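# Analysis of the macromolecular model
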Number of protein chains: 4
Amino acid sequence: MNAAPNFDDTYVEPIFDVAQLASVELFSPKVDETLWFFTELLGMSVTHREGDSAYLRAYEDYYHHSLKVTYREQPGIGTTSWRTSSPQALRRRTTVLDSVGIDVAWRDGDLGQGPSADFTSPSGHTHSLLWDVEYYEAPEGERSQLLSRPQKRPLKGVPVRRLDHVNHLVDDVTQNRRFLQDTLGFRLRENIVVNSREAAAWMSVSPLVHEIANLSDPTGRSADGNGGLHHLAFWYGFPQHLLDAADMFTDHGLKIDLGPGKHGATQAQFLYVFEPGGNRIELFGDTGYLIFDPAWKARTWTEENLDKSLIWYGSPLAREFSIFGQRAAT
Amino acid sequence: MNAAPNFDDTYVEPIFDVAQLASVELFSPKVDETLWFFTELLGMSVTHREGDSAYLRAYEDYYHHSLKVTYREQPGIGTTSWRTSSPQALRRRTTVLDSVGIDVAWRDGDLGQGPSADFTSPSGHTHSLLWDVEYYEAPEGERSQLLSRPQKRPLKGVPVRRLDHVNHLVDDVTQNRRFLQDTLGFRLRENIVVNSREAAAWMSVSPLVHEIANLSDPTGRSADGNGGLHHLAFWYGFPQHLLDAADMFTDHGLKIDLGPGKHGATQAQFLYVFEPGGNRIELFGDTGYLIFDPAWKARTWTEENLDKSLIWYGSPLAREFSIFGQRAAT
Amino acid sequence: MNAAPNFDDTYVEPIFDVAQLASVELFSPKVDETLWFFTELLGMSVTHREGDSAYLRAYEDYYHHSLKVTYREQPGIGTTSWRTSSPQALRRRTTVLDSVGIDVAWRDGDLGQGPSADFTSPSGHTHSLLWDVEYYEAPEGERSQLLSRPQKRPLKGVPVRRLDHVNHLVDDVTQNRRFLQDTLGFRLRENIVVNSREAAAWMSVSPLVHEIANLSDPTGRSADGNGGLHHLAFWYGFPQHLLDAADMFTDHGLKIDLGPGKHGATQAQFLYVFEPGGNRIELFGDTGYLIFDPAWKARTWTEENLDKSLIWYGSPLAREFSIFGQRAAT
Amino acid sequence: MNAAPNFDDTYVEPIFDVAQLASVELFSPKVDETLWFFTELLGMSVTHREGDSAYLRAYEDYYHHSLKVTYREQPGIGTTSWRTSSPQALRRRTTVLDSVGIDVAWRDGDLGQGPSADFTSPSGHTHSLLWDVEYYEAPEGERSQLLSRPQKRPLKGVPVRRLDHVNHLVDDVTQNRRFLQDTLGFRLRENIVVNSREAAAWMSVSPLVHEIANLSDPTGRSADGNGGLHHLAFWYGFPQHLLDAADMFTDHGLKIDLGPGKHGATQAQFLYVFEPGGNRIELFGDTGYLIFDPAWKARTWTEENLDKSLIWYGSPLAREFSIFGQRAAT
């Protein structure tokens with residue numbers, strides 16, 4: 001090896017300790033209707049039901065569950081769970097959280113998940129970090145010959161393939177976004193700044209444009225127990241399935257909130273619908289674009305191109321879908 | 001923080017030092033026809049032409065180029081270039097390469113790329129590691145309002161969006177695959193083992209199923225100067241574009257080698273075509289599936305399900321598209 | 001009105017007396033498995049079951065049924081039923097059939113269909129002409145708000161939208177094709193002539209490229225009681241649904257015969273599969289092209305471009321899918 | 001033949017004398033920009049340019065032209081030309097027109113078209129009936145091996161396949177619709193009746209849901225020389241192409257008027273855009289549904305389900321896209 005050139009040794013390297021969004025808990029005042037939505041329309045399976053909760057997964061989700069539905073009087077979001085890249089990565093992140101004064105509580109872990117480190121983000125959302133997971137094993141007749149598919153393609157509804165991302169309503173986007181960057185290693189991919197105030201931020205730990213987004217919610221609802229959810233998203237990968245899902249939703253009496261269309265921010269082909277329990281669910285029709293550039297500079301949309309950031313083409317934005325976060329009446 | 005549970009501190013953590021496939025060089029005996037193929041049919045742009053080489057990029061490739069076409073009497077592959085996650089990561093990888101006896105040569109870097117560490121893999125392929133890249137800046141009229149898109153969607157052909165992966169023909173899949181895993185941190189995602197011999201391996205450093213595949217080539221062609229290419233792949237993301245491209249290729253007299261169809265291994269919607277210079281080009285119609293599981297266990301296909309690994313649905317495999325690597329007559 | 005120019009008053013005007021393919025009867029040795037295929041995988045509904053027969057329709061079929069499945073020891077095709085443009089048209093066609101020596105038998109009509117005029121074509125196939133039909137009325141909860149859709153989009157499998165066409169195996173394509181043209185008014189849209197012998201003919205009474213095709217079958221099987229079927233086709237309209245169906249078929253253990261791909265003749269996006277009873281079923285992924293030209297000249301494919309007529313892109317033709325009509329082993 | 005049953009001999013049989021929409025003339029104040037739109041973005045070809053007019057066709061249009069663009073100070077529509085089913089059919093229709101007091105003027109015919117019978121509908125629109133057409137012959141290098149395709153798939157923009165339909169703004173929908181039914185044999189497929197007034201009517205002579213629609217225009221603009229156009233539609237057949245076109249239009253600075261989305265009436269996947277000359281152009285992404293029922297009963301939408309008739313899913317209707325016909329500001 002000849003002499004290496006001089007490189008900047010002070011470059012701040014990215015952190016790869018959080019690997020993926022593992023599962024999200026939704027609250028529903030109508031659990032049975034909510035389960036009907038996820039199983040009959042979106043083709044998901046209930047892997048377990050116990051007490052007030054049901055555990056579900058999509059047919060290309062690899063673990064015990066990616067969605068937990070729990071009875072509450074109001075819709076909303078419970079715990080957002082992240083899997084780390086290794087046991088050491090889990091320990092490192094909890095050390096960092098502790099060092100910045102975040103109270104971390106180790107728990108035994110939920111069904112199908114190993115010990116978890118739970119904490120509350122500045123926005124008031126409950127997060128969980130975990131390493132161990134239980135892999136889903138399909139019963140004999142449900143096993144797919146497609147080795148990367150843990151279960152045959154379901155014959156119900158327009159089946160979603162996997163959990164994609166979560167969008168939290170927060171009081172202070174910038175504060176919460178920085179927290180996620182500094183303590184967990186999220187990278188900022190795109191954001192919206194209007195009147196010098198950050199209204200939305202899309203962040204990820206992978207080439208996905210986001211596993212989590214934060215949306216400004218000046219109503220303060222994000223602080224209460226079951227509030228704080230803008231939407232939870234599941235992935236199709238194929239745009240036609242958004243059209244099929246939209247057709248199915250309209251035909252079967254569900255309220256489409258927005259779409260199908262394409263966002264400028266994230267380049268996502270989107271469709272938003274309210275499940276019967278009152279939570280807004282996004283279906284994601286492609287991968288948007290994937291970010292492999294390790295030095296990606298966040299794209300910032302402002303008042304000048306806000307409309308294009310929200311709608312590249314498709315439905316004009318409904319009033320209630322404000323980026324400033326008012327909760328849609330359900 | 002209450003007491004953390006015991007985790008396995010000896011767990012071997014993944015390496016994140018290689019970030020992405022940055023560019024690939026193709027050799028062509030008919031540079032003008034090869035450029036016609038990439039520009040008029042696939043909508044790519046020539047960013048520079050100098051000497052025997054032309055530099056090209058697709059409209060969602062962010063850097064100066066993702067493809068370099070160089071004149072040679074025979075088609076084939078030149079250097080495969082990888083961008084690291086940081087300058088430190090580049091240094092770390094070259095140290096490892098050096099430590100296992102690989103000869104690493106620092107060079108000034110190609111057009112649009114910073115200093116690179118070049119080396120030859122056991123399979124005889126030239127690889128390059130680099131950190132610095134020049135970002136593409138579109139001329140005024142070509143800039144897109146879509147902030148994550150470095151250039152307007154082209155109005156030519158069925159435009160591909162970005163470079164996706166490369167497939168090298170190698171003498172010994174297992175040896176070369178282990179080299180890529182051990183020195184560069186690639187993860188094995190899927191492979192084919194027939195008669196206890198590894199015939200194919202798909203590897204990645206990102207959630208993509210592969211940025212590089214190795215295919216067994218018992219003819220030994222992979223050892224010579226410009227051999228060793230099974231195919232180079234560009235990404236569409238949308239299955240309809242494979243159908244459009246197939247229609248375009250047939251109508252404009254190109255030879256479709258295989259597809260459109262869906263592989264079992266990688267779950268890719270694929271289409272293979274020979275560009276006029278004689279190189280096999282794959283168009284990738286979706287993202288296949290994405291791997292976020294940090295402890296992913298490689299899926300191994302064997303003689304029992306080999307046919308499904310190659311063709312989940314679509315074209316039966318042509319004789320010349322042997323997984324044992326005979327080069328198709330062009 | 002000034003003086004009209006001279007036009008050719010001897011021009012042979014097209015006949016518009018046959019309006020559409022109304023229903024087809026299939027024979028199955030495994031009725032329950034056949035019904036599983038059509039209901040669970042293709043989302044069709046059984047509207048009636050009586051004796052050895054079941055009546056089915058797709059969700060955008062307007063009448064009582066478009067498919068009748070009847071138990072027989074061997075798979076094959078029963079009656080092919082055509083609806084005329086008017087009661088007078090029905091009478092006119094039977095008069096013509098009678099005048100050329102075809103034995104026409106008036107019957108009371110099948111379930112959901114008015115009186116029918118039944119006859120046998122030179123190829124030995126049973127046809128039925130009818131005018132009156134019973135429209136399907138969905139039960140309350142199944143009615144769609146989409147006024148042109150007689151039933152909500154089903155939540156099962158990858159649901160087909162309507163019956164499309166039938167392909168009969170015949171001994172003598174030219175003889176049978178001329179019969180259909182001369183007596184019923186079918187227009188020849190495309191055909192294949194190999195070695196001066198007509199091997200295939202696509203015919204229609206509407207802008208569809210075909211409601212019926214005739215394929216040469218030198219084995220003579222078309223003459224026997226339940227033979228004579230190459231395939232029966234149902235319509236999706238959207239190419240993605242062929243990909244979805246292909247995925248579903250492979251995952252659920254059905255044998256894909258050919259496709260997905262695109263024929264040159266008819267421009268159809270196709271997928272062929274064998275239902276469990278042994279009949280080849282085609283799924284049609286788009287409309288091919290539509291013929292509005294009233295003076296359309298049939299396109300003739302020959303040995304020179306036969307390959308392109310069969311496969312414009314996609315799967316190479318399997319040996320057993322011979323255009324010369326050998327029945328595939330099931 | 002045994003005795004035929006009694007059928008109703010007084011049934012009013014459908015008329016099949018008009019076969020298809022042959023061509024439409026658009027006025028444009030900016031002919032060059034209008035041609036740029038149709039050629040560079042929609043992939044159409046100019047077959048002739050003469051004086052103030054240019055003649056264009058899409059790549060699956062069979063005749064000399066399907067679109068004529070003529071310079072005028074204001075955008076709008078010129079002659080709408082229909083091809084009959086035969087020379088006799090042309091004579092029959094002109095006789096009927098004459099018999100109801102419509103002034104029919106025989107002319108020599110436009111470029112590529114034989115003698116035409118021109119007349120004005122009650123809505124003030126100029127129509128032309130013709131029989132003879134000149135078929136397009138592609139130059140050697142442009143001929144497709146796909147026999148039903150008169151020209152290779154273009155390599156420009158997102159190429160449309162053929163002319164689909166025209167939508168006229170009219171003062172009195174019911175009066176004009178009845179005229180088209182009674183004199184030309186159009187069948188009413190769907191309509192909208194609000195407050196007992198017919199606001200829209202979709203009519204066809206083929207299984208297409210419409211070759212012509214009439215939309216109520218209370219502003220009276222339809223009466224003037226170059227007014228009266230709501231939109232002219234070209235056909236893609238594939239939904240992805242609407243998404244591609246929408247992306248292309250946004251990226252290249254055109255104003256999307258509405259969509260992509262799906263109408264309830266016609267079931268069309270639609271996208272509306274203004275070409276630079278100021279005319280609203282619709283791109284049609286599928287075939288909607290096809291009507292083969294010869295006794296089809298028109299589906300009538302009312303105030304109760306008006307919203308679903310306009311938007312089954314997708315963009316909420318823009319204010320300026322009123323079904324009551326105000327012309328969008330251009």
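The structure this text deals with has already been given above.
Residues numbered from 1 in each chain as written. Chains lettered and ligands numbered in written order. Predicted model: local features only at pLDDT ≥ 70, side-chain atom pairs only at ≥ 80, totals over all residues. Heavy atoms only, no water.

## Topic: the overall build of chain A
So the rule is basically this: The numbering of helices and of strands both runs from the N terminus, where a helix is a DSSP run of H or I of at least 4 residues and a strand a run of E of at least 2. Radius of gyration: over C-alpha atoms. The globule rule applied is 2.2 Å multiplied by the number of residues raised to the 0.38 power. Burial classification: accessible surface area is computed with a 1.4 Å probe over protein chains only, and a residue below 20% of its type maximum counts as buried, one above 50% as exposed, and the rest as partly exposed. The contact definition used throughout considers only heavy atoms, calling two residues in contact when any of these lie within 4.5 Å. Accessible surface is estimated by sampling points in the Shrake-Rupley manner with a 1.4 Å probe; for residues, cover comes only from the protein chains shown. Counted as positive: Lys and Arg. Counted as negative: Asp and Glu, with His and the chain ends omitted from the count. Positions of charges follow a simple convention, taking NZ of Lys, CZ of Arg, CG of Asp or CD of Glu.
Counting secondary structure elements, chain A contains 5 helices and 18 strands. The globule rule puts the C-alpha radius of gyration for 330 residues at 20 Å, and the 20 Å found for chain A is close to it. Its C-alpha atoms give chain A principal-axis dimensions of roughly 65 × 50 × 45 Å. The proportion of buried residues among the 330 residues of chain A is 68%. For chain A, long-range pairs separated by at least 24 residues make up 66% of all intrachain contacts whose partners lie at least 6 apart in sequence. Summed over its atoms, the accessible surface of chain A is roughly 10800 Å², and 46% of this surface lies on carbon and sulfur atoms. Of the side-chain charges in chain A, 31 are positive and 44 negative, and the distance between the mean point of each set is 2 Å.

## What to know about the side chain of Ser309 of chain D
Residues and elements named next belong to chain D. Take Ser309: it is sitting in helix α5 (residues 306-310). Accessibility expressed as a relative area gives 1% for Ser309, which makes it buried. Discounting chain neighbours no more than four positions away, the residues touching Ser309 are Ile192, His263, Gly264, Ala265 and Trp301.

## What to know about the relation of the copies chain D and chain B
Quick reminder of the rule: The superposition of copies rests on a least-squares fit of C-alpha positions from residues with pLDDT of 70 or more in both.
With an axial shift of 0.0 Å and an RMSD of 0.0 Å, the rotation relating chain D to chain B amounts to 180°. With respect to symmetry, the two chain copies, as superposed, fit the operation of a two-fold axis. Considering only C-alpha atoms, the part of chain D nearest the rotation axis is Lys156 of chain D, at 2.5 Å.

## A few points about the sheet that holds strand β7 (residues 116-120) of chain C
Residue and element names in this part refer to chain C. Stated formally: Strands are labelled as partners when DSSP assigns at least two bridges between them. Helix axes use the C-alpha atoms of the stretch in contact, all axes being lines fitted to C-alpha atoms, and the angles between their N-to-C directions lie in the range 0 to 180 degrees.
Ordered by their spatial adjacency, 8 strands build an open sheet running β2-β3-β4-β1-β5-β8-β7-β6, and the pairing between neighbours is mixed. Looking at the sheet topology across the chains shown, the edges are occupied by β2 (45-50) and β6 (105-107). The sheet shows a mean angle of 25° between the axes of neighbouring strands, direction not considered. Against the sheet, helix α1 (residues 31-41) contacts β1 (18-28), β2, β3 (53-57) and β4 (67-71), and its axis sits at roughly 160° relative to β4.

## Side note on the nonpolar core
General note: in soluble globular proteins, nonpolar side chains tend to be found buried as a group. All names here are of chain D. For clarity, the cut-off: Only buried residues count toward a nonpolar core, which is a set of Ala, Val, Leu, Ile, Met, Phe, Trp, Tyr and Cys residues joined through side-chain atoms within 4.5 Å.
Core analysis: the biggest nonpolar cluster contains 80 residues, and Phe38, Phe234, Phe249 and Leu283 have the highest contact counts within it. The biggest single contributor to this core is helix α4 (residues 239-251), with 6 residues. The residues contacting Phe249, other than those within four sequence positions of it, are Phe37, Leu41, Leu42, Leu254, Ile256, Leu271, Val273 and Leu283.

## Points about the relation of the copies chain B and chain A
With an RMSD of 0.0 Å, chain B superimposes on chain A once it is rotated by 180° and translated 0.0 Å along the axis. Taken as a fraction of all interface residues of chain B, those also at the interface in chain A reach 100%, which identifies the copy contact as same-surface.

## Side note on the interface of chain D and chain B
The following threshold applies: Accessible-area loss on putting two parts together, using a 1.4 Å probe and summing over both, is the definition of buried area adopted here. In what follows, salt bridge is the name for a side-chain nitrogen of Lys or Arg lying within 4 Å of a carboxyl oxygen of Asp or Glu.
Opposite the 20 residues of chain D that make contact, chain B presents 21 residues. Summed over the three residues of chain D that lose the most area to chain B, namely Arg153, Leu155 and Asp251 of chain D, the buried surface amounts to 38% of that side. Where chain D touches chain B, the interface holds 8 salt bridges. Between Asp244 of chain D and Arg153 of chain B there is a salt bridge, and its shortest N-O distance comes to 3.6 Å.

## Topic: the sheet that holds strand β17 (residues 299-302) of chain D
All names here are of chain D. Reading across the sheet, the 10 strands line up as β17-β10-β11-β12-β9-β13-β16-β15-β14-β18 and stay open at both edges, with mixed pairing between neighbours. The sheet terminates laterally at β17 and β18 (313-314), the two strands that pair on one side only. With 6 bridges connecting them, strand β9 (residues 162-170) and strand β13 (residues 229-235) associate as antiparallel partners. Paired with Asn167 across the bridge in β13 is His231.

## Observations regarding the packing of helix α2 (residues 87-99) of chain A against helix α3 (residues 173-184) of chain A
All names here are of chain A. This is how the line gets drawn: In what follows, roughly perpendicular refers to angles from 65 to 115 degrees, roughly parallel to angles under 35, roughly antiparallel to angles over 145, and oblique to any angle outside these ranges. For this scheme, ten residues count as nonpolar: Ala, Val, Leu, Ile, Met, Phe, Trp, Tyr, Cys and Pro. Four count as charged, namely Asp, Glu, Lys and Arg, and the remainder, Gly too, count as polar.
Direction vectors running N to C along α2 and α3 enclose 130°, while the axes themselves pass 9 Å from each other. It follows that α2 is oblique to α3 by the angle criterion. Counting all contacts with α2, which are made through Arg93, Val96 and Leu97, the residues of α3 involved are Phe179, Asp182, Thr183 and Leu184. Classifying every residue of the contact of α2 with α3 by side-chain character gives 4 nonpolar, 1 polar and 2 charged.

## Regarding helix α3 (residues 173-184) of chain C
Residues spaced three or four apart along an α-helix point in a common direction, a consequence of the helix completing one turn every 3.6 residues. All names here are of chain C. Selection rule: To estimate how far a helix should extend, the number of its residues minus one is multiplied by 1.5 Å. In this description, the arc belongs to the directions extending from the helix axis to the C-beta atoms. In protein, a polar contact requires one atom able to donate a hydrogen and another able to accept it; more generally it is a pair of N or O atoms within 3.5 Å, and residues adjacent in sequence count only if both atoms are side-chain atoms.
For α3, spanning 12 residues, the distance from its first C-alpha to its last is 16 Å, which sits close to the expected 16 Å at 1.5 Å a residue. Within the sequence span of α3, burial applies to Val173, Asn176, Arg177, Phe179, Leu180, Thr183 and Leu184. Down the axis, α3 shows its buried residues gathered within 155° of arc, on one side only. The N-cap residue of α3 is Asp172: its side-chain oxygen and the backbone nitrogen of Thr174 are 3.2 Å apart. Looking one or two residues past α3, Gly185 carries a phi angle of roughly 85°, positive in sign.

## Some details on the environment of Phe16 of chain A
With respect to the helices and strands, Phe16 of chain A occurs in the segment before β1 (18-28). The class of Phe16 of chain A is partly exposed, set by a relative accessible area of 22%. Sequence spacing of Phe16 of chain A and Gly314 of chain A is 298 residues, and the spatial spacing of their C-alpha atoms is 35 Å. When near neighbours in sequence (up to four residues on either side) are disregarded, Phe16 of chain A contacts Ser85 and Arg187 of chain A together with Phe16 and Ser85 of chain B.

## Considering the packing of helix α4 (residues 239-251) of chain A against helix α4 (residues 239-251) of chain C
Between α4 of chain A and α4 of chain C, whose axes approach to 10 Å, the crossing angle comes to 95°. It follows from the interaxial angle that α4 of chain A and α4 of chain C lie roughly perpendicular. Along its contact with α4 of chain A, which presents Gln240, His241 and Asp244 of chain A, the element α4 of chain C presents Gln240, His241 and Asp244 of chain C.

## Considerations on the pairing of strand β15 (residues 269-274) of chain D
All names here are of chain D. Of all 6 residues making up β15, 6 are buried, and the element is well covered by its neighbours. The side-chain alternation of β15 yields two buried faces, one formed by Gln269, Leu271 and Val273 and the other by Phe270, Tyr272 and Phe274. Pairing analysis gives 4 bridges linking strand β14 (residues 256-262) to β15, with the strands arranged antiparallel. What sits directly across from Gly261, in β15, is Phe270. Connecting β14 to the antiparallel partner β15 that follows it, the hairpin turn spans 6 residues, and Thr266 within it adopts a positive phi of roughly 80°. Pairing between β15 and strand β16 (residues 280-284): 5 bridges, direction antiparallel. By the bridge assignment, Phe270 is partnered in β16 with Phe284. The antiparallel hairpin formed by β15 and β16 contains 5 residues in its connecting segment, where Gly278 sits at a positive phi of about 105°.

## Concerning the interface of chain B and chain A
One frequently used descriptor of interface size is the decrease in accessible area upon assembly of the parts. Of the residues lining the interface, 73 residues belong to chain B; the matching set on chain A comes to 73 residues. Carbon and sulfur atoms make up 61% of the area that chain B and chain A hide from each other, which totals about 6300 Å². In this structure, the salt-bridge partner of Arg92 of chain B is Glu13 of chain A, at a minimum N-O distance of 2.8 Å. Considering only residue class, the side of chain B that touches chain A consists of 35 nonpolar, 19 polar and 19 charged.

## Some details on the pairing of strand β10 (residues 187-194) of chain A
Note on strand geometry: in a regular strand, side chains alternate between the two faces of the sheet. All names here are of chain A. Burial analysis of β10 places 7 of its 8 residues in the buried class, the great majority of the element. As paired elements, β10 and strand β11 (residues 197-204) share 7 bridges and run antiparallel to each other. Within the sheet, the bridge partner assigned to Asn191 lies in β11 and is Ala201. Hairpin remark: β10 followed by β11, antiparallel, with 2 residues in the connecting loop; positive phi at Asn195, about 55°. In this sheet, strand β17 (residues 299-302) lies alongside β10 in parallel orientation, the contact comprising 4 bridges. Residue pairing for β17: Ile192 is matched across the bridge by Trp301.

## Regarding the environment of Leu254 of chain A
Summarising the element assignment, Leu254 of chain A is placed in the loop between α4 and β14 (256-262). Assessed through its relative accessible area of 13%, Leu254 of chain A is described here as buried.

## Concerning helix α2 (residues 87-99) of chain D
Residues and elements named next belong to chain D. With 13 residues, α2 extends 19 Å between its outermost C-alpha atoms, agreeing within 8% with the 18 Å of an ideal straight helix rising 1.5 Å per residue. Along its buried surface, α2 packs onto β1 (18-28), β5 (76-84), β6 (105-107), β7 (116-120), β8 (126-130) and α3 (173-184). Just downstream of α2 lies Gly101, where phi reads positive at about 85°.

## Structural notes on unusual backbone geometry
Note the cis peptide between Gly259 of chain A and Pro260 of chain A, where omega equals 5°. Looking at where Pro260 of chain A falls in the secondary structure, it is placed in strand β14. Within the chain, Ser196 of chain B stands out as a residue other than glycine whose phi angle is a positive 65°. Locating Ser196 of chain B in the fold gives a position in the loop between β10 (187-194) and β11 (197-204). Even without being a glycine, Thr266 of chain D presents a positive backbone phi close to 80°. Under the relative-accessibility criterion, Thr266 of chain D is labelled buried at 1%.

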